[in-house]
Structures are given as C-alpha cells and as structure tokens.
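Given next are the chains, with one letter for each unit.
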Amino acid sequence: MPRDDMGDAPPKRTAHHRWEVARPRNGTSPDGVRMAGYRDRTGSRLDMQVLPQPAVIVVIGLGVGPITVESPSGNRPLSGLVAALSPGPARIRGEGVECVEMALSPRAAYALLGVSPLELDGSVTGLEDLWGRHARLLREQLADTASWQGRLALTDGFLRRRAAGAPPMAAEVAAAWDAIVTGRGRVRVGDLAASCGWSRKRLRARFTAQVGLTPKRAAMLVRFDHAARALLAGERAGDVAVACGYADQPHLHRDIQALAGCTPGALPGLTVSTEP
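What counts, and where the lines are drawn
- Residue positions are counted from 1 within each chain, in the order its sequence is given.
- In view of the model being predicted, local features appear only for residues whose pLDDT reaches at least 70, and side-chain atom pairs are presented and counted only at 80 or more, with totals across whole chains, interfaces and linings using the full set of residues.
- By convention in this description, side-chain values take in all heavy atoms of the structure and omit both hydrogens and water.
- Every helix listed is a DSSP run of H or I at least four residues long, and every strand listed is a run of E at least two residues long, numbered separately from the N terminus.
- We call a set of buried Ala, Val, Leu, Ile, Met, Phe, Trp, Tyr and Cys residues a nonpolar core when their side-chain atoms join them within 4.5 Å.
- Between buried and exposed lies partly exposed: a residue is buried under 20% and exposed over 50% of the maximum accessible area for its type, with that area taken using a 1.4 Å probe on protein chains only.
- Only strands that DSSP links by at least two bridges are regarded as paired with each other.
- Only centres within 6.5 Å qualify two rings of Phe, Tyr or Trp (six-membered ring in Trp) as a pair; their planes then separate them into stacked at under 30 degrees, edge-to-face at over 60, and tilted for everything else.
- A ring is scored as having a charge over it whenever the NZ atom of a lysine or the CZ atom of an arginine sits within 6 Å of its centre and within 35 degrees of its normal.
- Throughout, a residue-residue contact means that at least one pair of heavy atoms, one from each residue, lies within 4.5 Å.
- Comment: axis = line fitted to C-alpha atoms, over the contacting stretch for helices; angle = value between 0 and 180 degrees taken between N-to-C directions.
- By convention in these notes, a salt bridge is any Lys or Arg side-chain nitrogen within 4 Å of a carboxyl oxygen on Asp or Glu.
- A clockwise turn of the near helix away from the far one marks a right-handed crossing, whereas an anticlockwise turn of less than a right angle marks a left-handed crossing.
- Charged residues are taken to be Asp, Glu, Lys and Arg, nonpolar residues to be Ala, Val, Leu, Ile, Met, Phe, Trp, Tyr, Cys and Pro, and polar residues to be all remaining types, Gly included.

Explain unusual backbone geometry to me, please; I cannot follow it from the model alone.
With the exception of glycine, the majority of residues adopt a negative phi angle, and the majority of peptide bonds are in the trans configuration. With a phi angle near 55°, Asp121 is a residue other than glycine that sits in the positive phi range. Tracing the sequence through the fold places Asp121 in the loop between helix 1 (106-112) and strand 10 (124-126). The backbone of Arg184 sits at a positive phi, close to 55°, despite the residue not being glycine. Along the chain, Arg184 turns up in the loop between helix 5 (171-182) and helix 6 (189-196).

Next up, the structure:
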C-alpha cells in the first residue's frame with residue numbers, strides 16, 4: 001500500500017514503521033507478480049494519492065470498512081480495486097486499512113485480469129467489476145484466514161489457476177516492454193520497432209492493445225517511476241533529471257506535472273497523509 005513499497009527492490013520495513021508488511025515466505029509468486037499483505041498498525045485514517053507506476057495494482061481490502069476511491073467521476077466505496085498503469089487523478093481513503101496487494105507487470109496483467117489492460121481506460125476500477133463472484137469468494141476466504149502466510153498462499157493459488165491457459169502476450173510486445181524497463185525509459189520507439197521487425201504503426205497498435213499504453217507513454221512512465229523514487233528518497237530535482245535521462249530540469253518538471261499533477265518538490269507530500 002505505501003508508494004515506496006512498489007519498486008523492484010522494496011526497502012525493508014522497520015518495527016516502528018506505521019505499516020505491518022508481510023511477503024511470501026518462500027519469496028516466490030507467479031511470474032510478473034509482486035505480492036504483499038499490509039495492515040495499518042495505527043488504525044488511523046489513510047489518505048493517499050494514486051500515483052502512476054509501471055505495474056497494474058490490485059488491492060483486496062480485508063479491513064472492517066471499505067476503501068473509498070475519490071476521482072473526478074465521484075466517490076466509490078470498494079472492497080477491492082484495480083489501478084491501471086497510468087490512472088487518472090484519484091485518491092484512496094480508508095480507516096484501519098488491511099489488505100492483500102498485488103503489483104502486476106503488463107505481461108501478468110494481460111494474463112490475469114481477464115480483460116486487456118487497455119480496457120481499464122487509465123482509471124481505478126472495482127475488482128468485482130473484473131473478477132465478479134471470484135473476487136468476492138477470494139476476499140471471503142482471505143478474511144477467514146488468520147495468518148498472512150496463509151492469505152498469501154491462497155492468493156498465489158488463485159492467481160496460478162487464473163494464469164493456467166491464459167492467452168500469452170505477443171513475444172514482440174513483451175520484448176519491447178522488457179527493453180523499455182531495462183533502459184529505464186530511455187529508448188527510442190523506432191529502435192523498438194526495428195528490434196521487433198515491425199513498423200512503428202504496427203508496434204504502437206499491438207503494444208497499446210496489450211499493455212494499455214503507447215510505447216512512448218510507457219517509456220515516459222518508466223522514466224517517471226525512477227525519478228519519483230529518487231525524489232521521494234530526498235534527492236535533488238536537478239540531480240534526478242540528469243540521472244534519469246531528462247533533457248533538463250524543466251523536462252522533469254513537465255513530466256512530473258503531467259503524470260502526478262504536481263511539482264517535483266511537492267511529490268513527497270502527496271503520497272500518504274494521516275489523520276488521528
């Protein structure tokens with residue numbers, strides 16, 4: 001649930017931290033899935049902006065109250081949610097939050113969600129809208145399970161059953177995404193198309209249909225993710241712009257504004273706030 005726990009190498013949490021975090025004991029999950037259980041030790045009010053990141057986020061709420069998603073289309077209380085790769089402006093609010101959360105790579109999302117990521121339409125969607133009764137049954141089973149490891153094992157089994165026989169992402173699209181991630185967003189669309197043996201037009205169409213973003217937007221998102229993590233770690237905006245491959249600091253500013261709706265300096269204050 002905390003934004004800084006979504007990265008490729010999540011930091012270890014300290015005992016005094018607000019969040020109790022549980023991860024699969026054997027360290028394994030289905031390919032392209034990062035999974036964890038979260039419980040807010042303080043029981044206080046959560047108020048968190050949904051920030052874009054290069055993963056589709058699935059949250060199954062286990063707390064007493066719902067997780068409320070606030071967006072321009074209104075407020076919606078949900079027991080579970082799915083946030084697209086680049087969601088529109090939205091906030092998540094709740095009290096005493098407890099949940100199982102999965103971060104799905106585009107390849108895993110394409111196989112597990114049951115719909116093309118493009119159909120998420122850059123929004124935060126109710127999990128039951130996608131998984132229906134299966135989402136309700138899984139949530140009931142998780143709520144009836146006392147231990148985090150038991151809950152994570154249940155979720156792991158559920159995902160593996162969904163993955164069995166799921167349609168694979170096109171190898172060329174998967175390779176293009178991997179190249180974007182490996183290059184930290186510093187890639188040219190023309191080079192991606194050439195490596196696939198496709199035209200730029202065909203790459204754009206196939207990539208967008210299966211990932212949910214154009215290749216150019218995906219590269220922008222991956223670059224933003226690295227920059228956001230550095231800014232949240234306290235690094236200076238000028239240094240981040242250079243390290244992450246932006247043309248200059250104004251370029252970084254424009255991308256942060258476009259994707260997070262704020263300036264680089266304001267980004268840390270938007271991630272999580274609490275009320276007693």
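Whenever I open this one, the nonpolar core confuses me. Can you help?
Across soluble globular proteins, nonpolar side chains have a tendency to be buried as a group. Among the nonpolar cores identified, the biggest contains 66 residues, and Leu104, Leu113, Leu203 and Phe207 are the most heavily contacted of them. Considering each element in turn, this core owes the most residues, 10 residues, to helix 8 (residues 215-232). In terms of nonpolar packing, the next biggest core, distinct from the first, is built from 20 residues, Ala36, Ile57, Leu81 and Ala90 among them.

Teacher, can you tell me more about the pairing of strand 5 (residues 67-71) here?
Residues in a regular strand point their side chains to alternate faces of the sheet. Where strand 5 meets strand 6 (residues 74-78), five bridges bridge the pair, whose relative direction is antiparallel. Residue pairing across strands places Glu70 opposite Asn75, the latter belonging to strand 6.

Any chance you could explain the packing of aromatic side chains here in plain terms?
Geometry of an aromatic ring pair is reported as the spacing of the ring centres plus the angle between the planes. Tallied over the entire structure, the rule returns two aromatic pairs. Consider the rings of Trp19 and Tyr38, whose centres lie 6.2 Å apart with planes at 90°: the pair is edge-to-face. Here the residue Trp19 occupies a position in strand 1 (residues 19-22), and Tyr38 occupies one in strand 2 (residues 33-40), the gap between them amounting to 19 residues. Like Trp19, the residue Tyr38 is buried in the burial classification. Positioned above the aromatic ring of Trp148 is the side chain of Arg151, whose terminal nitrogen or guanidinium carbon lies 4.7 Å from the ring centre. For Arg223, the ring lying beneath its charged end belongs to Tyr246, and the centroid distance is 5.0 Å.

Where do I start with the environment of Gln257 in this structure?
Here Gln257 shows up in helix 10 (residues 249-260). A sequence separation of 10 residues divides Gln257 from Leu267, and the C-alpha atoms of the two residues are 9.5 Å apart. Setting aside anything within four residues of it in sequence, one finds Gln257 in contact with Cys262 and Thr263.

Explain the sheet that holds strand 4 (residues 56-61) here, please?
Sheet strands line up and pair through hydrogen bonds in the backbone, either parallel or antiparallel. The strand order across the open sheet built from six strands is 1-2-9-4-7-10, with neighbouring strands paired in antiparallel fashion. Of all strands in the sheet, those bounded by a partner on one side alone are strand 1 and strand 10. Along the sheet, successive strands turn relative to each other by an average axial angle of 25°, direction set aside. Where strand 7 (residues 80-83) meets strand 10, three bridges bridge the pair, whose relative direction is antiparallel. The partner of Leu81 across the bridge, within strand 10, is Gly126. Its contacts with the sheet place helix 4 (residues 148-163) against strand 1, strand 2 and strand 9 (98-104), and it is angled at close to 145° to strand 2.

Help me understand the environment of Met169, please; the structure alone is not making it clear to me.
Structurally, Met169 can be placed in the loop between helix 4 and helix 5. Its relative accessible area of 11% is what places Met169 among the buried residues. Sequence separation between Met169 and Gln210 is 41 residues; the distance between their C-alpha atoms is 6.8 Å. Residues within four places of Met169 in sequence aside, it is in contact with Pro106, Arg107, Tyr110, Ala174, Gln210 and Val211.

It is not clear to me how the pattern of salt bridges should be interpreted in this structure. Could you clarify?
Pairing between side chains of opposite charge can happen when the charged atoms of each approach one another. A complete count under the given rule lists 13 salt bridges for this structure. Here Glu20 and Arg39 are joined by a salt bridge, their closest N and O atoms 2.6 Å apart. You can see Glu20 sitting in strand 1 and its partner Arg39 sitting in strand 2, a full 19 residues away along the chain. Across the pair Asp47 and Arg93 runs a salt bridge whose closest N-O atoms are separated by 2.5 Å.

How should the packing of helix 5 against helix 8 be read in this particular structure?
For any two helices packed against each other, one specifies the inter-axial angle together with the distance between the axes. Contact geometry of helix 5 with helix 8 gives a least axis separation of 9 Å together with a crossing angle of 30°. Regarding helix 5 and helix 8, the two cross each other, and that crossing is right-handed. Judged by residue contacts, Trp177, Ile180 and Val181 of helix 5 engage Pro215, Ala218, Ala219 and Val222 from helix 8. Here the contact of helix 5 with helix 8 is composed, by residue class, of seven nonpolar, no polar and no charged.

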